[in-house]
Amino acid sequence: MVSTPARVQRPGSVESSVPNPVSQVVDETSLSAPNVIAIAPKATKISQLIPTWEPLTLPSSRLFGTDGIRGQAGDLLTAPLAMQIGFWAGQVLCGATSHSGPIILGQDSRNSSDMLAMALSAGLTAAGLEVWNLGLCPTPCVAYLTSLAKAVGGVMISASHNPPEDNGIKFFGADGTKLSTHLQEQIEAGLRGKRVASSRLMNTANVWGKSFYRPELIEQYTVALQQPLLPEEDLSNLPLRGMNIVLDLAWGAAANVAPSVFANMGAEVVCLHDRPDGDRINVNCGSTHLALLQKAVLDKGADMGFAFDGDADRVLAVDNTGRAVDGDYILYLWGKALQQAEQLPNNTIVSTVMSNLGFERAWEKQGGKLVRAAVGDQYVHAEMLRHGAMLGGEQSGHILCRHYGIGGDGLLTALHLAALVQRSKNSFAALVDQSFQTYPQLLKNVRVEDRARRLNWQNCDPLVGAIAEAESAMGNQGRILVRASGTEPVIRVMVEAAKADLANHWCENLVLAVRQHLT
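Owing to the predicted nature of the structure, the values given are computational and were not obtained by experimental measurement. (Residues numbered from 1 in each chain as written. Predicted model: local features only at pLDDT ≥ 70, side-chain atom pairs only at ≥ 80, totals over all residues. Heavy atoms only, no water.)

## Digging into helix α2 (residues 79-96)
Since the α-helix advances by 3.6 residues per turn, residues separated by three or four positions end up pointing in the same direction. Under the 1.5 Å per step criterion, the end-to-end length of α2 is 25 Å for 18 residues, consistent within 8% with the ideal 26 Å. The element α2 is extensively covered by neighbouring structure, given that 13 of its 18 residues are classed as buried. (Helix = DSSP H or I, 4+ residues; strand = E, 2+ residues; numbered from the N terminus. Expected span 1.5 Å × (residues − 1). Buried < 20%, exposed > 50% of the residue type's maximum accessible area, 1.4 Å probe, protein only.)

Laid out in structure tokens, this is it:
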């Protein structure tokens, strides 16, 4: 449970305190009691329960994508929309859990994040909820503390790897996992003035929640990151002692926590883009732009480097030769280590349709099984639960290991990968060389502004025909994936083949088809 201060200032309000880093066992009775909410009698009309909101202009297509609601701040994501999202999320989350705790709120460094946080808090408190605002923190921190605090849910304001002008709102259930599609649909139903299937609609006429700033809770997350890797007896034998590691923090959510976490584990740390900066978050840096990190690793003679995205739920690596190491390699190396430790049930790893065939075939040679899920860490998580798998993730760097966390966590992944390299007594590059060779894979994004055409691309007969032609020509020598991004206004075209010229030819053909028929 999340520790809270011993002395209570007033009902629902707590003073800041720093938790004991040695013990995470907390007396549940020490938690501050949330404000009592009034449950509406069955006879009460819904119109009597909700405030009179400013009318919204919403797109006809779904608001929720593969990772929450995402769009340009001030355009799709406005303060009035965020306030109503907060209200209906409060209604739906309370109806989905027996918990009566707070809702955990965090944000990245974007200039619009403060505005959205305040608007969301207004909506959540209008629904009678208590809001614990962490301020700037990684997305996995919100998920972890939500699961620890017996909260009704969590919400993170971030557009992940998107450019600074974008932002997003993503929710977590009471267990800290991404909110189910069903509950997302209920929130959206409320926004659109439709019936919300909640058994606990709250009478908000005279009941208001409160909001509290709780940045001190972030330390409990950082302690939880480190504890599994620290030796139980000799604390002087730190797991990353002697390692030189470069971190690219993308001007984002990890800026205030990552440097100290790696230093506490014994590493010599060099940081790039290590201040919160809403104007520059993800701009030519972070997990989508590795060039500066690669140069720094070589210039510093570092053992490795890690690049995080804006909210630090994903990470990509660079080995000591400056070579990029994506999520497929991270899954293979971590999977092999867990396999050797007999901690990988049925030798199964869950990846996505984007993962490279070279990875799949190499893992099968190790006696393993690779299960593919749809793109999106929530789909990976669902398949992990279905197959009883403990490790899964995406090529893009979302890695989930259920031994240590409940969702994708860039910092957790980077710490364990660095410790794995240290234990191996080999260089990072040597481990990558000994893993597998990727098949040539081309991924191109085609911008399609029309949301309806983008999301319904399967109805475009000329494009579907071009895909069928390419698949027939390549046979078992390659693989094709065309999909609409759930986070950006683009169609993603991926072609993978045994030979680079084959992949290039059909990728260009399909990109041309998308441009001709959808843009």
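After presenting the structure, the write-up continues.
## Some words on the state of the cysteines
If you walk through the whole model with that rule in mind, you get zero disulfides. With no disulfide of its own, C141 lies 4.4 Å from the sulfur of C137, the closest cysteine sulfur. (Disulfide = S-S within 2.5 Å.)

## Topic: the sheet that holds strand β19 (residues 441-447)
By way of backbone hydrogen bonds, the strands of a sheet pair with one another, either parallel or antiparallel. Read from one edge to the other, the open sheet built from three strands follows the order β19-β21-β20, with strand pairing classed as antiparallel. The open sheet terminates on both sides in strands that have one partner only, identified here as β19 and β20 (478-484). The mean inter-strand angle of the sheet, taken between neighbouring strand axes irrespective of direction, is 10°. As paired strands, β19 and strand β21 (residues 490-497) are joined by seven bridges and run antiparallel to one another. The partner of Q441 across the bridge, within β21, is E496. The sheet strands contacting helix α15 (residues 461-474) are β20 and β21, and the helix crosses β20 at an angle near 160°. Here helix α16 (residues 500-518) sits on the sheet in contact with β19, β20 and β21, set at roughly 160° to β21. (Pairing = 2+ DSSP bridges. Axes fitted to C-alpha atoms, helices over the stretch in contact; angles between N-to-C directions. Contact = heavy atoms within 4.5 Å.)

## Focus: the pattern of salt bridges
Here the idea is simple: oppositely charged side chains can pair when their charged atoms come close. All told, the structure shown has 20 salt bridges when counted by the stated rule. Its salt-bridge partner being D313, residue K170 comes within 3.5 Å of it at the nearest N-O pair. Taken together, the positions of K170 in strand β8 (residues 166-172) and D313 in the loop between β12 (304-308) and β13 (315-318) put the pair 143 residues apart, joining distant regions of the chain. Of the two residues, K170 and D313, both sit in the buried class. For the salt bridge of E188 with R192, the shortest nitrogen-to-oxygen distance reads 3.1 Å. Accessibility expressed as a relative area gives 27% for R192, which makes it partly exposed. (Salt bridge = Lys/Arg side-chain N within 4 Å of Asp/Glu carboxyl O.)

## Quick word on helix α6 (residues 218-226)
For α6, the tally of buried residues reaches seven of nine residues, placing the bulk of the element in the interior. Inspection of α6 places I218, Q220, Y221, T222, V223, L225 and Q226 among the buried residues, and these make up the whole buried set. Where α6 is buried, its residues meet β6 (131-136), α4 (139-148), α7 (258-264) and α12 (410-424).

## A few points about the environment of S147
Tracing the backbone shows S147 in helix α4. Considered as a pair, S147 and D175 are 28 residues apart in the sequence and their alpha carbons are 4.7 Å apart. Residues within four places of S147 in sequence aside, it is in contact with A174, D175, G176 and I406.

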